Number of protein chains: 2
Amino acid sequence: MTRNTLDPFDGLGPLADLVQALKRLPGVGPKSAQRLAFHLLQHDRQAATDLGQALLTAVRDVQHCARCNSFSHTALCPICSDTRRNASVLCVVETPADLAAIEATHTYQGYYYVLMGRASPLDGVRPESLDWPKLATRLDDGEVREVILATNFTNEGEATAVFLTDRIRKQGVKVSRLARGVPIGGELEYTDPTTVARALLDRRPLGADPE
Amino acid sequence: MTRNTLDPFDGLGPLADLVQALKRLPGVGPKSAQRLAFHLLQHDRQAATDLGQALLTAVRDVQHCARCNSFSHTALCPICSDTRRNASVLCVVETPADLAAIEATHTYQGYYYVLMGRASPLDGVRPESLDWPKLATRLDDGEVREVILATNFTNEGEATAVFLTDRIRKQGVKVSRLARGVPIGGELEYTDPTTVARALLDRRPLGADPE
Ligand SMILES: [Zn+2]
Ligand SMILES: [Zn+2]
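Keep in mind that this is a model prediction, so the values were computed, not measured.

Definitions and cut-offs
Residues numbered from 1 in each chain as written. Chains lettered and ligands numbered in written order. Predicted model: local features only at pLDDT ≥ 70, side-chain atom pairs only at ≥ 80, totals over all residues. Heavy atoms only, no water. Helix = DSSP H or I, 4+ residues; strand = E, 2+ residues; numbered from the N terminus. Phe/Tyr/Trp six-rings, centres within 6.5 Å; stacked < 30°, edge-to-face > 60°. Buried < 20%, exposed > 50% of the residue type's maximum accessible area, 1.4 Å probe, protein only. Lys NZ or Arg CZ within 6 Å of the ring centre and 35° of its normal. Pairing = 2+ DSSP bridges. Right-handed = clockwise from strand over helix to strand, strands pointing away. Axes fitted to C-alpha atoms, helices over the stretch in contact; angles between N-to-C directions. Contact = heavy atoms within 4.5 Å. Least-squares fit on C-alpha atoms with pLDDT ≥ 70 in both. Donors = N, O, S within 2.8 Å, 3.2 Å for Na, K, Ca; no water. Tetrahedral: all angles 85-135°; square planar, octahedral: opposite > 155°, others 65-115°.

Student: Explain the environment of A:F71 residue by residue, including any values.
Tutor: Within the secondary structure layout, A:F71 lies in strand β2 (residues 71-72). The spatial distance from the C-alpha of A:F71 to the C-alpha of A:M116 is 9.0 Å, given a sequence separation of 45 residues.

Printed below as a string of structure tokens:
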């Protein structure tokens, strides 16, 4: 059933402004914006106030970490401030969420560089437009011996990795990529053929297990 | 593929606060909240600022119209302020969006009363808890001769209409309900049987067309 398209909050000043502002959130259409505004004002004004303040505070205080480029409200983020980590390895990820995914493994002790995006030729984002120069500068100091490219295994992530590999090698730094393969718990029957093919190609020699 | 559940913004102060605040929006889970925060801070800080200010302004300024109970930032909303409307008819709707749907027909000249909700026994909202007393007071002045119940034709809307019908009749005011039937452009073959049955029951006599 189609719904009426007249804006019910039209001409209602601050309410109309709120609906307009909500519509600018990605994935929020006119109807969702109205529903959100109605919900907040009718049932949860405290949430509306908290969100309003959180937005203004975040916009004011959250910038990028001077070293890893991730979000931070301090000049250096907690990870970059931790001097006990291994400065010879640098893991390059697309977003702070990807950084968190690596941290969650509790197996990586190096530092990070967050591209804050990915090359996406279809969307007009060329690899050159990534926050790449900041990474190049960082590699210049010679401390980093290996860059682990942990961009996603999507077309965009792969294109980004290819672009960065060339440039990083030119700076004389070793480059590696996360291994592709059958996920832990994965059954071959249900794993897509490209992944299985890659796992076959990247097969690892096993040492003899002495009994 | 399942994604990592570690909060990437954990311990990041204002950013973590923003993600928490976004999670309180209905329909926004932890992953959406992260994606929204990332999008706003990385790509659209102006939208974040505008939304933050719109939320705080709306919470401060938007209250309920003293007469119709709809949202308004003035004591009386534009419709209730319009003295040219027909004061003998009052249309009762669930939400401001429903009011807008009636206004969009450009065929109704009376005033409104907005319940700002519906009876929903399953969610623990009893009919008695609606903004009903304010409506009763309004009917007391004797100006309204007919109340048109325009709550939705859902279980909740019907239950609300039944509840209100009894009470309004006791005040000596005529009650009517929006007609149910086959929608304009609707084909019987594709209309649900309950609607067709209702249309049959509520059939209207047609005058003879003189040729
Ligand atoms: Zn950092
Ligand atoms: Zn009003």
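Student: Now, about the packing of aromatic side chains: what can you tell me, with residues and values included?
Tutor: Residue and element names in this part refer to chain A. Taken as a whole and judged by the stated rule, the model has six aromatic pairs over all chains. Seen from their ring centres, W132 and F163 are 6.2 Å apart, and the 80° between their planes marks the pair as edge-to-face. Separated by 31 residues along the polypeptide, W132 in helix α6 (residues 132-140) and F163 in helix α7 (residues 155-170) bring together distant segments of the chain. Each of the two residues, W132 as well as F163, counts as buried. A cation sits over an aromatic face here: R67 above Y111, 6.0 Å from the ring centre.

Student: Kindly report on the pairing of strand β5 (residues 146-149) of chain A, identifying the contributing residues and their values.
Tutor: Within a regular strand, side chains alternate between the sheet's two faces. Residue and element names in this part refer to chain A. Taken together, the four bridges between strand β3 (residues 86-93) and β5 define a ladder with parallel strand orientation. Its bridge partner being in β5, C91 is matched across the sheet by I148. As defined by bridge partners, β5 adjoins strand β6 (residues 174-177) across four bridges and the pair is classed as parallel. For V147, the partnering residue across the bridge sits in β6 and is V175. The parallel pair β5 and β6, bridged by α7, forms a crossover whose chirality is right-handed.

Student: Could you give an account of the sheet that holds strand β4 (residues 110-114) of chain B, naming the residues involved and the relevant values?
Tutor: Residues and elements named next belong to chain B. Here we have four strands laid out as an open sheet, ordered β4-β3-β5-β6, and parallel in their pairing. Strands at the two margins of the open sheet, each flanked by one partner only, are β4 and β6 (174-177). Here the strands of the sheet are splayed against their neighbours by 25° on average, with no regard to which way each runs. Lying on the sheet, helix α7 (residues 155-170) is in contact with β3 (86-93), β5 (146-149) and β6; it crosses β6 at an angle near 165°.

Student: Tell me about the relation of the copies chain B and chain A, and please be specific about residues and values.
Tutor: Laying chain B over chain A is done by rotating through 180° and shifting 0.0 Å along the axis; what remains is an RMSD of 0.1 Å. Each copy turns onto its partner about a two-fold axis. Closest approach to the rotation axis within chain B is made by the C-alpha atom of B:G52, at a distance of 1.9 Å. Comparing contact sets, 100% of the residues at the interface of chain B also lie at the interface in chain A, consistent with an isologous, same-surface contact.

Student: Kindly report on the coordination of the zinc ion (ligand 1), identifying the contributing residues and their values.
Tutor: All names here are of chain A. Looking at the metal site, the zinc ion (ligand 1) is ligated by C65 (SG), C68 (SG), C77 (SG) and C80 (SG), spaced 2.2 to 2.4 Å from it. Taken together, the four donor atoms surrounding the zinc ion (ligand 1) define angles of 105 to 120° at the centre, an arrangement classified as tetrahedral. Here the donor residues of the zinc ion (ligand 1) share one chain and are spaced in sequence as C-x2-C-x8-C-x2-C. Remark: C80 occurs in helix α4 (residues 78-81) and C68 occurs in the loop between β1 (63-64) and β2; sequence separation between them is twelve residues. Of the two residues, C68 and C80, both sit in the buried class.

Student: Explain the coordination of the zinc ion (ligand 2) to me, and be specific about the residues and the numbers.
Tutor: Residues and elements named next belong to chain B. Taken together, C65 (SG), C68 (SG), C77 (SG) and C80 (SG) make up the full set of protein donors to the zinc ion (ligand 2), lying 2.2 to 2.4 Å away. Taken together, the four donor atoms coordinating the zinc ion (ligand 2) span angles of 105 to 119° at the metal, a pattern that classifies the geometry as tetrahedral. If you list the donors of the zinc ion (ligand 2) from N- to C-terminus, the spacing comes out as C-x2-C-x8-C-x2-C. Note that C65 is positioned in the loop between β1 (63-64) and β2 (71-72) and C77 in the loop between β2 and α4 (78-81), a separation of twelve residues in sequence. Here C65 and C77 have matching classes, each one buried.

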